[in-house]
Amino acid sequence: MEIQYNATFINLENLITISRGDTSRMIKYLHQFQELIPLRMEGLKEQLEIGDRKMIRQILHQMSPQLQFFGIPNVVAPIRRLEHDFDTMPLQNLKILVHDILIQLDHANKEVALVLKNNF
């Protein structure tokens, strides 16, 4: 099955390749994204509010494989930077970086919803 999508915040080539055209697998991965990413986004917001650098790093680290799987541009490099500099980066810079990541993830989540709506 060929998925029709015009996306800016996700790249589904990896999903298509790994699923080998199996519609149920594609749907499963897309739903999994919709379930996990918003929960982790909320966790990031909470930890950002209280300023827990280690938890922010941990949440981003947990998200990283799925974000790479869905080819979300503009988040992998900032996440890597945060993973290495989370304890020395000025808090204001950390907040800005995480906020930018959250914006990208929100857009990606909306695109995943559109892919599901328009294709399945």
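If you're wondering where the values come from, they're calculated on a predicted model, not measured in any experiment. (Residues numbered from 1 in each chain as written. Predicted model: local features only at pLDDT ≥ 70, side-chain atom pairs only at ≥ 80, totals over all residues. Heavy atoms only, no water.)

**Student:** Describe the overall build of the protein, and please don't skip the residues or the numbers.
**Tutor:** Along the backbone of the protein there are 5 helices and 0 strands. Ordered by position from N to C terminus, the α and β elements of the protein give α-α-α-α-α. Over its C-alpha trace the protein gives a radius of gyration of 15 Å, about what one expects of a compact globule, namely 14 Å for 120 residues. Counting only C-alpha atoms, the protein reaches 45 × 20 × 20 Å along its principal axes. Relative to its full complement of 120 residues, the protein shows a buried share of 39%. Partitioning the contacts of the protein with sequence separation of at least 6, the portion at a separation of at least 24 is 65%. Total accessible area on the protein is roughly 6900 Å²; 50% of this is exposed by carbon and sulfur atoms. (Helix = DSSP H or I, 4+ residues; strand = E, 2+ residues; numbered from the N terminus. Rg over C-alpha atoms; globule rule 2.2 N^0.38 Å. Buried < 20%, exposed > 50% of the residue type's maximum accessible area, 1.4 Å probe, protein only. Contact = heavy atoms within 4.5 Å. Areas by Shrake-Rupley, 256 points an atom, 1.4 Å probe, with all protein chains shown as cover.)

**Student:** Before we move on, could you go through the nonpolar core and cite the residues and values that matter?
**Tutor:** Counting 35 residues, the largest nonpolar core has Leu 15, Leu 67, Phe 70 and Ile 72 as its most contacted members. Residue assignment for this core shows that the elements contributing at least two residues are helix H2 (23-50), helix H3 (53-69), helix H4 (76-85) and helix H5 (91-119). Of all the elements, H5 adds the most residues to this core, at 10 residues. In contact with Leu 15, not counting residues within four places along its chain, are Ile 3, Met 26, Tyr 29, Leu 30, Phe 69 and Phe 70. (Core = buried A, V, L, I, M, F, W, Y, C linked by side-chain atoms within 4.5 Å.)

**Student:** Can you explain the environment of Asp 52? Please cite residues and give values.
**Tutor:** Turning to its location among the elements, Asp 52 is positioned in the loop between H2 and H3. Relative accessible area serves as the criterion here: at 28%, Asp 52 is assigned to the partly exposed category. Placed 39 residues apart in sequence, Asp 52 and Leu 91 show a C-alpha to C-alpha distance of 10.0 Å.

**Student:** Could you give me a rundown of H2, with the residues and numbers involved?
**Tutor:** Between its terminal C-alpha atoms H2 stretches 41 Å, which fits the 40 Å expected from 28 residues at 1.5 Å a residue. Trailing H2 by a residue or two, Gly 51 shows a phi angle of about 75 degrees, which is positive. (Expected span 1.5 Å × (residues − 1).)

**Student:** Go over the packing of aromatic side chains, please, and point to the residues and values.
**Tutor:** The description of two aromatic rings rests on the distance between their centres and on the angle between their planes. By the definition in use, this model includes 3 aromatic pairs. Ring centres 5.3 Å apart and planes at 55 degrees place the aromatic pair Tyr 29 and Phe 69 in the tilted group. In this pair, Tyr 29 sits in helix H2 while Phe 69 sits in helix H3, placing the two residues 40 residues apart along the sequence. For Tyr 29, a relative accessible area of 17% gives the class buried. (Phe/Tyr/Trp six-rings, centres within 6.5 Å; stacked < 30°, edge-to-face > 60°.)

**Student:** Tell me about the packing of H2 against H3, and name the residues and values.
**Tutor:** Helix-helix packing: each pair is described by the crossing angle between the helix axes and the interaxial distance. Between H2 and H3, the least distance of the axes is 10 Å, while the angle of their chain directions is 160 degrees. Here H3 runs roughly antiparallel to H2, going by the angle between their axes. Considering only the axes of H2 and H3, their crossing is left-handed. Packed against H2, whose contacting residues are Tyr 29, Gln 32, Phe 33, Leu 36, Ile 37, Arg 40, Gly 43, Leu 44, Gln 47 and Leu 48, the element H3 presents Met 55, Ile 56, Ile 59, Leu 60, Gln 62, Met 63, Gln 66, Leu 67 and Phe 69 at the interface. (Axes fitted to C-alpha atoms, helices over the stretch in contact; angles between N-to-C directions. Parallel < 35°, antiparallel > 145°, perpendicular 65-115°, else oblique. Left-handed = near helix turned anticlockwise from the far one by under 90°.)

**Student:** Describe the pattern of salt bridges, listing the residues and the values that go with them.
**Tutor:** Per the counting criterion, the structure on display carries 2 salt bridges. With a shortest N-O distance of 3.3 Å, Lys 45 and Glu 42 are connected by a salt bridge. Of the two residues, Lys 45 and Glu 42 both sit in helix H2, 3 residues apart, roughly one turn of that helix. Taking the relative accessible area as the measure of exposure, Lys 45 reaches 39% and is therefore partly exposed. According to the relative accessible area criterion, Glu 42 is partly exposed, its value standing at 41%. (Salt bridge = Lys/Arg side-chain N within 4 Å of Asp/Glu carboxyl O.)

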